[in-house]
Amino acid sequence: MRNLLSRQRNLPLALLFIVGAACPAIAQEGGASFVEDFDRLDGARWYVSDGWANGAHQNCTWSKDQVAVSDGVLSLGFTERETGDRAYACGEIQTNKRLGYGTYEARIRAVAGSGMNTGFFTYIGPAHGQPWDEIDFEFLGKDPSQVQLNQYVSGEGGNEKLVPVPGGADAAFNDYAFVWEEGRIRWFVNGELVHEVNDPALVPTHASKIYLSLWASDNMESWLGTFAPPEGALSAEVDRVAFTALGDDCQFPESIVCTLE
């Protein structure tokens, strides 16, 4: 459910094509493993999206003041405030580096509310001089009892799958992970395998960036539900994000990597 032009990012388009051409494209040539506990927002690792929206479907403008870190938790906000040509402001961060095959993990409390979307995903695309590849966890606020999984290869999606989140994605922190290997993706919720794709034609191959975001739409009713303006500000919370490159050791006790075979 993503527009091909929706992921314009923080560099001029011509420069992005130059950078993309100079960087590795295949997934196994991605960056190094890390664990982010959000003791602070490390500018060497994270870029804060600011000053644009991803397309006409998004009713908020990415705004750096909607991104905050406190007590080891990242908050991504959504608030009513005219920003640019949109009525709302919202928050997103993305890794500066592209990452490849390995395990991606996040501990998240998502937002509830019709029309809202909390996202944890990897993405690379035309704005970076690469094909559109993506692997998703998307929390549709109209029904926080489940999370939508999806992946895109060269802009081809249509692989949506909804899986339950015990207790609700908005009620507490839950652990979400996917293991991305050549020809295979496995998704996990709280350590349990919930979905697997084994067809190499349906598995992305290009090193990608991690994105964490909160946004909304008032014209995507069939997917996100009818937008319900929230009473006051909303905030999605992220307690931890980790990437473990394929073949690297488990980095923290709760990591799914510790139990993978």
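Residues numbered from 1 in each chain as written. Predicted model: local features only at pLDDT ≥ 70, side-chain atom pairs only at ≥ 80, totals over all residues. Heavy atoms only, no water.

### Regarding the environment of Gly232
Mapped onto the elements, Gly232 comes out in the loop between helix 2 (221-224) and strand 16 (234-245). Exposure remark for Gly232: the relative accessible area of 44% places this residue in the partly exposed category. Through-space distance from the C-alpha of Gly232 to that of Phe188 is 32 Å; in sequence the pair is 44 residues apart. (Helix = DSSP H or I, 4+ residues; strand = E, 2+ residues; numbered from the N terminus. Buried < 20%, exposed > 50% of the residue type's maximum accessible area, 1.4 Å probe, protein only.)

### Side note on the state of the cysteines
Per the stated rule, a full pass over the model turns up two disulfides. Paired through a disulfide, Cys60 and Cys90 show a sulfur-sulfur distance of 2.1 Å. The sign of the 85° torsion about the S-S bond sets the Cys60-Cys90 disulfide as right-handed. Within this pair, whereas Cys60 is found in strand 3 (residues 60-62), its partner Cys90 is found in strand 6 (residues 86-95), the two being separated by 30 residues in sequence. Using a relative accessible area of 0% as the deciding quantity, one classes Cys90 as buried. The connectivity of the disulfide-linked cysteines in the protein, indexed sequentially, is 1-2, 3-4. (Disulfide = S-S within 2.5 Å.)

### Considerations on the confidence of the model for the protein
Overall, the prediction assigns the protein a mean pLDDT of 91, with 90% of residues at 70 or greater. Low confidence marks residues 1-25, where pLDDT is under 50. Its contacts with residues over four positions away, or in another chain, come to 64 contacts. (pLDDT = per-residue confidence, 0-100. Contact = heavy atoms within 4.5 Å.)

### Points about the side chain of Gln151
Among the structural elements, Gln151 can be located in strand 10 (residues 146-152). For Gln151, a relative accessible area of 1% puts it in the buried group. A distance of 3.1 Å separates a polar side-chain atom of Gln151 from the backbone oxygen of Leu202. Once residues within four sequence positions are removed from consideration, Gln151 is found in contact with Glu134, Ile135, Glu156, Gly157, Asn159, Ile185, Trp187, Val197, Leu202 and Pro204. (Polar contact = N/O pair within 3.5 Å; in protein donor to acceptor, adjacent residues only side chain to side chain.)

### With respect to the packing of aromatic side chains
Each aromatic ring pair is described using two quantities: the centre-to-centre distance and the angle formed by the ring planes. Throughout the structure, instances matching the rule amount to 19 aromatic pairs. Aromatic pair Tyr101 and Trp180: ring centres 5.2 Å apart, planes at 80°, arrangement edge-to-face. Taken as a pair, Tyr101 in the loop between strand 6 and strand 7 (102-109) and Trp180 in strand 12 (residues 174-181) lie far apart in primary sequence, 79 residues in all. Each member of the pair, Tyr101 together with Trp180, is buried. Ring geometry for Tyr104 and Trp180: centres 6.2 Å apart, planes at 40°, overall tilted. Of this pair, Tyr104 sits in strand 7 while Trp180 sits in strand 12, and the two are 76 residues apart along the sequence. Comparing Tyr104 with Trp180 shows no difference in burial state: the two are buried. (Phe/Tyr/Trp six-rings, centres within 6.5 Å; stacked < 30°, edge-to-face > 60°.)

### As for the side chain of Asn159
Within the secondary structure, Asn159 is located in the loop between strand 10 and strand 11 (161-164). One polar contact links the side chain of Asn159 to the main-chain carbonyl oxygen of Gln151, over a distance of 2.8 Å. Polar side-chain contacts of Asn159 include one of 3.3 Å to the backbone oxygen of Gly157. Residue contacts for Asn159: discarding those within four places in its chain leaves Leu149, Asn150, Gln151 and Leu202.

### Examining unusual backbone geometry
You will see that Phe38, though not glycine, has its phi angle at about 55°, which is positive. Checked against the element boundaries, Phe38 lands in the loop between strand 1 (34-36) and strand 2 (46-48). Phi at Ser154 takes a positive value of approximately 50°, unusual for a residue other than glycine.

### Let's talk about the pairing of strand 7
Most of strand 7 sits out of view: six of its eight residues are buried. Two elements, strand 7 and strand 12, share seven bridges in a ladder whose sense is antiparallel. When the sheet's bridge partners are listed, Gly102 is paired in strand 12 with Trp180. The pairing of strand 7 with strand 16 spans eight bridges and is antiparallel. Across the sheet, residue Arg107 finds its bridge partner in strand 16, namely Arg240. (Pairing = 2+ DSSP bridges.)

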